[in-house]
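Tertiary structure, described
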Number of protein chains: 2
Amino acid sequence: MGVVIPLEEGMNRQASVKPLVDLTKADMDRVNQLILSKAGSDVQMIPEVANHLISSGGKRLRPMLTLASATMFGYRGEAHIKLATSVEFMHTATLLHDDVVDESDLRRGKSTARMIWGNQASVLVGDFLLGQAFRMMVEVGSLDALDVLSTAASVIAEGEVLQLSVAKNMETTEDDYLSVIRAKTAALFSAACEVGPIVAQASKAERNALRSYGINLGLAFQLIDDVLDYGGSAKELGKNVGDDFREGKITLPVVLAYRRGTDQERAFWRQAIETGDNDSHALEKAMGLLAKYGSLKDTVARAEHYSSIARDALAPLPDSGEKDALMEVIAFCLSRAH
Amino acid sequence: MGVVIPLEEGMNRQASVKPLVDLTKADMDRVNQLILSKAGSDVQMIPEVANHLISSGGKRLRPMLTLASATMFGYRGEAHIKLATSVEFMHTATLLHDDVVDESDLRRGKSTARMIWGNQASVLVGDFLLGQAFRMMVEVGSLDALDVLSTAASVIAEGEVLQLSVAKNMETTEDDYLSVIRAKTAALFSAACEVGPIVAQASKAERNALRSYGINLGLAFQLIDDVLDYGGSAKELGKNVGDDFREGKITLPVVLAYRRGTDQERAFWRQAIETGDNDSHALEKAMGLLAKYGSLKDTVARAEHYSSIARDALAPLPDSGEKDALMEVIAFCLSRAH
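This section reports on the structure supplied with the text. In this text, all values refer to a predicted model and were calculated from it rather than measured experimentally.

1. Re the packing of aromatic side chains
The final tally for this structure, using the stated rule, is seven aromatic pairs over all chains. Look at F245(A) and W269(A): their rings are 6.3 Å apart centre to centre, the planes differ by 80°, and that puts the pair in the edge-to-face class. Residue F245(A) is found in helix α11 (residues 243-246), and its partner W269(A) is found in helix α13 (residues 263-274); the two are separated by 24 residues along the sequence. For the pair F245(A) and W269(A), one class covers both residues: buried. Through pairs of rings, three or more aromatic residues link up here, namely F245(A), F268(A) and W269(A). For R336(B), the ring lying beneath its charged end belongs to F221(B), and the centroid distance is 4.7 Å.

This is the structure we're talking about:
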């Protein structure tokens with residue numbers, strides 16, 4: 001990568017999600033069982049398509065966030081298992097629809113469902129998983145949790161449409177782009193974290209803290225993902241370096257390089273992104289411009305900004321294993337870009 | 001058409017939805033306002049795509065069913081407006097996704113949204129409307145209504161996938177086909193009718209009556225639609241005669257003609273449906289076989305069977321304008337095939 005960012009004092013270079021994984025392990029076993037059971041159907045194609053994606057090795061970060069956000073407030077019931085599963089289904093449904101919308105061939109290093117079963121099955125199985133997610137939320141019976149998650153579902157879809165309408169438009173500003181990722185990525189992180197304190201009947205302030213943690217973690221997570229697309233390896237990413245570029249996707253590194261470039265360089269970006277002139281030679285040139293203008297480094301700096309907000313959101317909460325684990329997720333998220 | 005079915009005694013040949021339209025007019029004005037407001041978004045493409053379909057002259061039968069099913073039990077609150085709007089949004093979302101799945105060019109006589117804005121926008125705006133539908137349901141705050149509608153959402157998607165897996169398979173039985181339309185069409189009619197008595201806090205028996213009415217009306221409605229595809233005009237249908245045939249869709253008329261045919265005729269159906277040899281000459285031959293085996297007439301007879309169940313479901317309820325209007329909807333549904 002070659003991207004170096006100043007580490008905050010005390011920040012762990014070896015930060016990992018392991019504390020969160022360990023802490024939620026018993027509950028996640030039950031979430032994983034519920035995932036398999038609720039993705040089941042007499043209609044054979046449904047579990048086939050759903051399990052293809054479900055078993056493809058996603059980290060399941062979002063459901064772990066829901067579980068920890070509930071137990072950190074002393075929650076000891078069952079509702080967080082169903083809500084965590086709902087959150088993962090909402091995420092899976094979004095991925096199935098995204099792959100159709102983006103015409104993607106590869107996801108997490110495997111062929112996308114649409115390449116194997118077609119766009120039709122991807123759209124409809126996504127709809128089915130979304131329906132199952134809502135049924136589980138309704139079973140939990142918390143109208144507040146339903147409000148948070150159903151609002152997230154609308155906002156995510158709205159963000160995806162917004163992304164469509166800014167797609168391939170090089171005049172997209174950083175604020176436009178933030179609106180997109182706030183809706184399409186951060187809203188679900190936020191909802192995943194907020195339903196924990198809701199079912200735990202935590203205070204309004206605690207609920208707000210977790211919501212703020214979630215949205216800012218989500219923003220940082222997406223920005224680092226955008227950086228990795230220009231610098232990770234296919235194995236780490238589960239997709240190929242430069243995929244965003246080849247798909248003509250506007251992400252923050254590109255927005256920054258474009259806005260900082262010369263007229264001639266801007267003409268190059270328009271040619272590459274808007275008209276699809278994006279072969280390996282163009283990718284090489286794009287990487288050079290990203291380096292020239294510090295676009296990757298500065299995107300990481302932006303991610304660090306949101307990470308700081310996430311840390312400060314959690315700061316006033318009493319110490320707990322969950323709080324430590326959630327703090328370390330922030331550090332882990334940033335460490336991926338090192 | 002040439003299809004003649006024996007009319008039940010007292011059944012009105014001029015049956016129409018007018019009584020239901022008149023009865024629900026004031027409430028439907030509010031539903032229509034809510035539809036426009038909740039399909040709104042700062043993301044310009046969302047109202048564009050949504051309103052294209054919303055304003056394309058659908059009858060809005062489903063929300064009218066919800067309204068009448070609530071007021072017939074004396075409901076005087078506001079919840080039925082939101083639930084009726086949710087039901088229409090669920091329907092609209094399904095149509096947007098269906099057009100992508102079926103690769104349809106024409107819906108209600110207009111170009112489909114996917115032909116104008118692309119598959120991507122159709123998938124995502126469908127997701128947005130579904131999210132908005134859930135948000136409105138949550139605002140109503142009835143967990144029973146949420147249960148009924150979220151279950152319907154899952155069942156509809158499951159039915160669509162089932163339809164995908166029986167598609168172009170000529171060995172589909174009548175029961176297989178009924179499972180498909182029970183899920184993909186009748187489930188939403190049923191839910192639309194059941195949430196009325198739920199918000200009106202009607203009895204369990206009344207709730208069951210409306211659910212049964214809804215599911216059987218939905219079955220009859222879909223079967224008559226299937227008949228009309230081989231006999232209506234593009235103007236009436238909003239699609240072209242023979243569309244189902246050209247798309248290789250298995251519907252009950254085809255199932256019956258296939259199962260009643262000679263080996264040679266079955267070979268013709270397989271050729272037409274499974275391998276897509278379905279030009280206008282083939283359509284003409286198919287129409288001949290449908291006539292030869294009375295497939296359209298008998299599909300209407302099956303629809304009449306479900307209509308009878310729907311009528312008997314409502315029969316024990318006290319007389320009311322709503323009951324009369326709902327009864328006439330059954331007759332109207334059948335009369336379309338005359």
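2. Re the relation of the copies chain B and chain A
It takes a turn of 180° to lay chain B on chain A, together with a shift of 0.0 Å along the axis; the resulting RMSD is 0.0 Å. Given the turn and translation reported, the copies of this chain are related as if by a two-fold rotation axis. Ranked by how close their C-alpha atoms come to the rotation axis, the residues of chain B are headed by V123(B), at 3.7 Å. An overlap of 100% is found between the interface residues of chain B and their copies at the interface of chain A, pointing to a shared contact surface.

3. Here we look at the environment of M45(A)
If you trace the backbone, M45(A) turns up in helix α3 (residues 45-54). Placed 80 residues apart in sequence, M45(A) and V125(A) show a C-alpha to C-alpha distance of 8.5 Å. Sequence-distant contacts of M45(A), that is, excluding residues within four places in its chain, are made with W117(A), A121(A), V161(B), L164(B) and S165(B).

4. Notes on the pattern of salt bridges
All names here are of chain A. In the structure shown here, the tally under the stated rule is 42 salt bridges over all chains. As a salt-bridge pair, K292 and E265 come within 2.5 Å of each other at their nearest N and O atoms. In this pair, K292 is assigned in helix α14 (residues 280-292) and E265 in helix α13, connecting sequence segments 27 residues apart. Connected via shared salt-bridge partners are D102, D244, E247 and K249.

5. Describing the packing of helix α9 (residues 204-229) of chain B against helix α15 (residues 295-314) of chain B
All names here are of chain B. At a minimum axis separation of 8 Å, α9 and α15 run at an interaxial angle of 165°. In terms of their interaxial angle, α9 and α15 are classed as roughly antiparallel. In this structure, the crossing between α9 and α15 has a hand that is left-handed. Together, A209, L210, S212, Y213, N216, L217, L219, A220, L223, I224 and V227 of α9 and L296, T299, V300, R302, A303, Y306, S307, I309, A310, A313 and L314 of α15 make up the contact between the two elements. Each residue belonging to the contact of α9 with α15 can be placed in one class, and the counts come to 17 nonpolar, four polar and one charged.

6. Some details on the interface of chain B and chain A
Residue-level contacts link 35 residues of chain B with 35 residues of chain A. Between chain B and chain A lies a buried interface of about 3,300 Å² when both sides are counted; carbon and sulfur atoms form 76% of it. Seen at the junction of chain B and chain A, the total is twelve residue pairs in polar contact (both at pLDDT 80 or more). Sorting the residues of the side of chain B that touches chain A by element identifies α3 (45-54), α5 (79-102), α6 (113-140) and α7 (143-166) of chain B as the ones contributing at least two each. Among the elements that line the side of chain B that touches chain A, the one with the most residues is α7(B), at 14 residues. Of the residues belonging to the side of chain B that touches chain A, the class tally is 19 nonpolar, ten polar and six charged.

Criteria and cut-off values
- Throughout this document, residue positions are counted from 1 along each chain, in the order its sequence is written.
- Here the convention is simple: chains get letters from A, ligands get numbers from 1, in the order in which they are written.
- In keeping with the predicted nature of the model, local features appear solely for residues at pLDDT of at least 70, side-chain atom pairs appear and are counted solely at 80 or more, and the whole-chain, interface and lining totals rest on all residues.
- Only hydrogens and water are set aside; all other atoms, that is, all heavy atoms of the structure, feed into the side-chain values.
- Planes of paired rings set the category: under 30 degrees apart is stacked, over 60 is edge-to-face and the rest tilted, where pairs are Phe, Tyr or Trp rings (Trp by its six-membered ring) whose centres lie within 6.5 Å.
- Think of it this way: any DSSP run of H or I at least four residues long counts as a helix, any run of E at least two long counts as a strand, and we number them from the N terminus.
- To sort residues, take the accessible area from a 1.4 Å probe on protein chains only and compare it with the maximum for the residue type: under 20% means buried, over 50% means exposed, and anything in between is partly exposed.
- In our convention, an over-ring charge means Lys NZ or Arg CZ found within 6 Å of a ring centre and within 35 degrees of that ring's normal.
- Here the copies were fitted onto each other by least squares, based on C-alpha atoms from residues at pLDDT of at least 70 in both.
- Every residue pair with non-hydrogen atoms within 4.5 Å of one another is taken to be in contact.
- Every case where a carboxyl oxygen of Asp or Glu lies within 4 Å of a side-chain nitrogen of Lys or Arg is listed as a salt bridge.
- Lines fitted to C-alpha atoms define the axes, with helix axes restricted to the stretch in contact, and inter-axis angles between N-to-C directions lie between 0 and 180 degrees.
- Note on terminology: angles under 35 degrees are roughly parallel, angles over 145 are roughly antiparallel, angles of 65 to 115 are roughly perpendicular, and the others are oblique.
- Handedness of each helix crossing follows the sense of rotation of the near helix against the far helix: counterclockwise by less than a right angle gives left-handed, clockwise gives right-handed.
- In this classification, Asp, Glu, Lys and Arg are treated as charged, Ala, Val, Leu, Ile, Met, Phe, Trp, Tyr, Cys and Pro as nonpolar, and every other residue, Gly included, as polar.
- Two parts placed together each lose some accessible area; with a 1.4 Å probe, that loss summed over both constitutes the buried area.
- Whenever two N or O atoms come within 3.5 Å, that pair is a polar contact, provided that in protein one can donate a hydrogen and the other can accept it, and provided that, for residues adjacent in sequence, both atoms are side-chain atoms.

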